[in-house]
Amino acid sequence: MAPAGRVRVDPIKRTVQRAVACGWPAHPRCRIIATDYTSGKRVVFGETGAPEADLAEAVAASCAIPGFYEPVSIKGRRYVDGGLHSLCNLDLVELGNAATISERCWQD
């Protein structure tokens with residue numbers, strides 16, 4: 001696996017906590033992708049069966065680039081950037097949502 005890194009993710013967590021003090025956002029389709037540092041498996045925070053995490057933890061884990069940031073501990077496991085598993089997670093996008101994402105990206 002990739003080196004752990006030495007930079008703490010606390011500033012990332014604090015930034016997210018300013019927007020959402022604690023817990024998970026109300027939007028039912030909010031998903032945050034990270035990689036289990038030990039197994040290398042993709043974890044989709046917000047999905048049924050994923051470890052419980054608050055938004056700040058999940059975003060920090062998703063941002064934790066190996067070799068730069070320290071892995072983020074959530075419920076006794078360590079997580080890093082989801083890009084370590086895959087640079088593209090399009091398999092998670094439901095066909096019905098793809099048009100919505102596209103429309104929002106290209107609106108003036």
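The structure reproduced in this document is the subject of the present report. This is a predicted model, so every value here is computed, not measured.

1. Some remarks on the overall build of the chain
In step 1: Of the regular secondary structure elements, the chain holds 3 helices and 4 strands.
In step 2: Secondary structure elements of the chain, listed N to C terminal, follow the sequence α-β-β-α-β-β-α.
In step 3: Within the span of the chain, comprising 108 residues, buried residues form 30% of the whole.
In step 4: Expressed as a percentage of contacts within the chain between residues at least 6 apart in sequence, the contacts between residues at least 24 apart total 62%.
In step 5: Put simply, the chain shows about 7100 Å² of open surface, and 54% of that area lies on carbon and sulfur atoms.

2. Description of the nonpolar core
In globular proteins that are soluble, nonpolar side chains generally tend to be buried together.
In step 1: Residues Val9, Ile32, Phe45, Ala61, Val72, Ile74 and Tyr79 are the most contacted members of the largest nonpolar core, which totals 22 residues.
In step 2: Among the secondary structure elements, those contributing two or more residues to this core are helix H1 (10-19), strand S1 (32-36), strand S2 (42-45), helix H2 (55-63), strand S3 (72-74) and strand S4 (77-81).
In step 3: If one sorts the elements of this core by residue count, H2 sits on top with 6 residues.
In step 4: Apart from the residues lying within four places of it in its own chain, the contact partners of Phe45 are Trp24, Cys30, Arg31, Ile32, Ala34, Ala50, Pro51, Ala53, Ala58, Ala61, Ile74 and Tyr79.

3. Thoughts on the packing of aromatic side chains
Where two aromatic rings form a pair, the distance of their centres and the angle of their planes describe that pair.
In step 1: This model, assessed by the stated rule, comprises 2 aromatic pairs.
In step 2: Here Phe68 and Tyr69 contribute two aromatic rings whose centre-to-centre distance is 4.9 Å and whose plane-to-plane angle is 90°, an arrangement assigned as edge-to-face.
In step 3: Using a relative accessible area of 45% as the deciding quantity, one classes Phe68 as partly exposed.
In step 4: The exposure class of Tyr69 is buried, given its relative accessible area of 18%.

4. Let's talk about the pairing of S1
A regular strand places its side chains so that they alternate between the two faces of the sheet.
In step 1: With 5 of its 5 residues buried, S1 lies for the most part within the structure.
In step 2: Alignment of S1 against S2, held across 4 bridges, turns out to be antiparallel. Paired with Thr35 across the strands is Arg42, a residue of S2.
In step 3: Counting the residues between successive antiparallel strands, the hairpin from S1 to S2 contains 5 residues, one of them, Gly40, with a positive phi of roughly 80°.

5. Points about the pattern of salt bridges
In step 1: If you walk through the whole model with that rule in mind, you get 4 salt bridges.
In step 2: The closest approach of N and O atoms between Arg77 and Asp36, which form a salt bridge, is 2.8 Å. Of this pair, Arg77 sits in strand S4 while Asp36 sits in strand S1, and the two are 41 residues apart along the sequence.
In step 3: Through salt bridges with shared partners, one network takes in Arg8, Asp10 and Glu70.

Analysis parameters
Counting from 1, residues in each chain are numbered in the order their sequence is written. Restriction of local features to residues with pLDDT of at least 70 applies here, the model being predicted, together with a cutoff of 80 or more for giving and counting side-chain atom pairs; totals for whole chains, interfaces and linings are based on all residues. To obtain the side-chain values, all non-hydrogen atoms of the structure were used and water was disregarded. Note on conventions: DSSP H or I runs of at least 4 residues are helices, E runs of at least 2 residues are strands, and numbering of each starts at the N terminus. When accessible area is computed with a 1.4 Å probe and restricted to protein chains, residues below 20% of their type maximum are described as buried, those above 50% as exposed, and intermediate ones as partly exposed. In this analysis, two residues are considered to be in contact whenever any of their non-hydrogen atoms come within 4.5 Å of each other. For the area figures, the Shrake-Rupley method with a 1.4 Å probe applies, and any residue is considered shielded solely by the protein chains shown. For this analysis, a nonpolar core means a set of buried residues of the types Ala, Val, Leu, Ile, Met, Phe, Trp, Tyr and Cys, connected via side-chain atoms within 4.5 Å. Ring pairs shown here join Phe, Tyr and Trp side chains whose ring centres sit within 6.5 Å, with only the six-membered ring taken for Trp; geometry is labelled stacked below 30 degrees between planes, edge-to-face above 60, and tilted in between. Only strands joined by at least two bridges in the DSSP assignment are considered to pair. Within this document, salt bridges are pairs made up of a side-chain nitrogen of Lys or Arg and a carboxyl oxygen of Asp or Glu, the two lying within 4 Å of each other.

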